[in-house]
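Descriptive structure summary
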Amino acid sequence: GASRVRDMFEQAKKNAPCIVFIDEIDAVGRHRGAGLGNGNDEREQTLNQLLVEMDGFEANEGIIIIAATNRPDVLDPALLRPGRFDRQVVVPRPDIEGREKILAVHMKKVPLAPDVNARTIARGTPGFSGADLANLVNEAALMAARRGKRMVAMSEFEDAKDKVMMGTERKSMVMTEDEKKMTAYHEAGHALVSVHEPASDPIHKATIIPRGRALGMVMRLPERDNYSYHRDKMHANLAVSMGGRVAEEIIFGYDKVSSGASGDIQYATKLARDMVTQWGMSDLMGPLQYEEEQGETFLGYSQSQRVHMSDETAKKIDLEIRKLIDDSYDRAKHVLTKHEKQLHALANALLEYETLSGDEIDELVEKGKFDRPDGEVAKPTAVPSAGASIPKAGRNKKGPFGDPKPQGA
Ligand code: NHX
Ligand code: ZN
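Residues numbered from 1 in each chain as written. Chains lettered and ligands numbered in written order. Predicted model: local features only at pLDDT ≥ 70, side-chain atom pairs only at ≥ 80, totals over all residues. Heavy atoms only, no water.

With respect to the pattern of salt bridges
For side chains bearing opposite charge, pairing can occur when the charged atoms are close. Tallied over the full model, the rule gives 26 salt bridges. For arginine 147, the salt bridge is made with aspartate 159, and the minimal N-O distance between the two is 2.7 Å. Linking arginine 147 in the loop between helix 7 (130–146) and helix 8 (154–166) with aspartate 159 in helix 8, this pair joins segments that are 12 residues apart in sequence. Taken together, the salt bridges that share partners define one network made up of Asp162, Glu169, Lys171, Lys205 and Arg211. (Salt bridge = Lys/Arg side-chain N within 4 Å of Asp/Glu carboxyl O. Helix = DSSP H or I, 4+ residues; strand = E, 2+ residues; numbered from the N terminus.)

See the structure below:
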């Protein structure tokens, strides 16, 4: 409230020199007049008071004001005018070095087994924020406790990463043999298209153990943090996303195709739309912006909206999006038809072992078989491939197979 802002600055003046830190400034600093209804009087008064205090420059000498937000786009322009905040510092998501150091900080609080390698975990968590990493360490510690271990080992970090990124494993979920078979071919389809698309990130693992909302998934692992996203990888990702549905169709027939690919379809549609309307990837439509990201709706969701255009242009955009999807469907179909033997081999291996590592999938595709040391059957925790960890952006909300999205956008 306004009076507390006044109090705070009085305190600050008494204690000067000092720093006033306001976290989540968007809570009070939101654009006045945004949102439904008549706005919020109290919030508006609070913001006004804050602006007044910040204007009292001379009186406030020796006071440094720092504020933080994840939504600079929704702030009231008055807060950003000259004379208010002198500097804006953009703090991006941490890179691999940053993640390693942040992990080291949080890991100090838990007893670690000697096999834990913060670098490896950092490598497998692109796009994670500091809070995500803190949560990861916490989940790993909980898992170790639940397993009756005195120390947190690498296997707990691997499992915690899977849980944080893809939701809780549901081993007890009862699936019929037919459902398992369908899932195995669906995932084998994604995996095989990925193997045959050079621009695709390498596979980290494929599994038919249900997790979160998904019956199965294929996770890919970028070789390093990606800051840019290129046309060849977009096309590869489109084809890989269609691979699941296409495999279902090839193996079980047109009438037996399932509704389960909705997540893949949603992912592919969004990607194809962005390619045409934002990223200038359609030769027919050219490098023009046809859709604008809307800042916020009243609930804080972002939405894209078509810029003003003729009906004819709108129709052409829809056809271009459709064409991208159709072409990628055809590419996936071509790959999976040509390599149908490999598709059967992969699906059967998934049915037998439930989880396959990327290395095992490569071996299977190359030699038609793969070696797994005896006694390591169907245990996903037993197959973290050497040096590798997890994919990027495979979070629950982002789709059933871990796909890289351009970061930092
Ligand atoms: C159902 N669930 O709804 C069952 C329970 C096709 C083998 N009848 O594509 O699990 O079918 O590659 C994000 C995350 C839809 C979006 C998970 C949208 C799950 C997942 C429904 C595999 N793997 N689909 C996939 C799947 C399903 C669903 C999602 C999502 C299946 C497919 C879910
Ligand atoms: Zn799928």
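What about the packing of helix 10 (residues 231–252) against helix 12 (residues 311–338)?
When two helices pack together, their arrangement is given by the angle between the helix axes and by the axis-to-axis distance. Two elements in contact, helix 10 and helix 12, have axes separated by 7 Å at closest approach and are oriented at 60°. When the interaxial angle is binned, helix 10 and helix 12 end up oblique. In terms of crossing hand, the pair formed by helix 10 and helix 12 is right-handed. Residue-level contacts link His235, Ala236, Leu238, Ala239, Met242, Gly243, Arg245, Val246, Ala247, Glu249 and Ile250 of helix 10 to Leu324, Ile325, Ser328, Tyr329, Arg331, Ala332, Lys333, Leu336 and Thr337 of helix 12. For the contact of helix 10 with helix 12, the residue count by class is 12 nonpolar, 4 polar and 4 charged. (Axes fitted to C-alpha atoms, helices over the stretch in contact; angles between N-to-C directions. Parallel < 35°, antiparallel > 145°, perpendicular 65-115°, else oblique. Left-handed = near helix turned anticlockwise from the far one by under 90°. Contact = heavy atoms within 4.5 Å. Nonpolar A, V, L, I, M, F, W, Y, C, P; charged D, E, K, R; others polar.)

Regarding the coordination of the zinc ion (ligand 2)
Every protein donor of the zinc ion (ligand 2) is listed here as His186 (NE2), His190 (NE2) and Asp264 (OD), and their distances to the metal cover 2.0 to 2.1 Å. Of note is the zinc ion (ligand 2), whose 6 donor atoms meet at the metal with angles of 28 to 164° in an arrangement that counts as irregular. Between consecutive donor residues of the zinc ion (ligand 2), the sequence gaps follow H-x3-H-x73-D. With histidine 190 in helix 9 (residues 177–196) and aspartate 264 in helix 11 (residues 262–277), the pair connects residues that are 74 residues apart, well separated along the chain. Aspartate 264 matches histidine 190 in its accessibility class, with the two residues each being buried. (Donors = N, O, S within 2.8 Å, 3.2 Å for Na, K, Ca; no water. Tetrahedral: all angles 85-135°; square planar, octahedral: opposite > 155°, others 65-115°. Buried < 20%, exposed > 50% of the residue type's maximum accessible area, 1.4 Å probe, protein only.)

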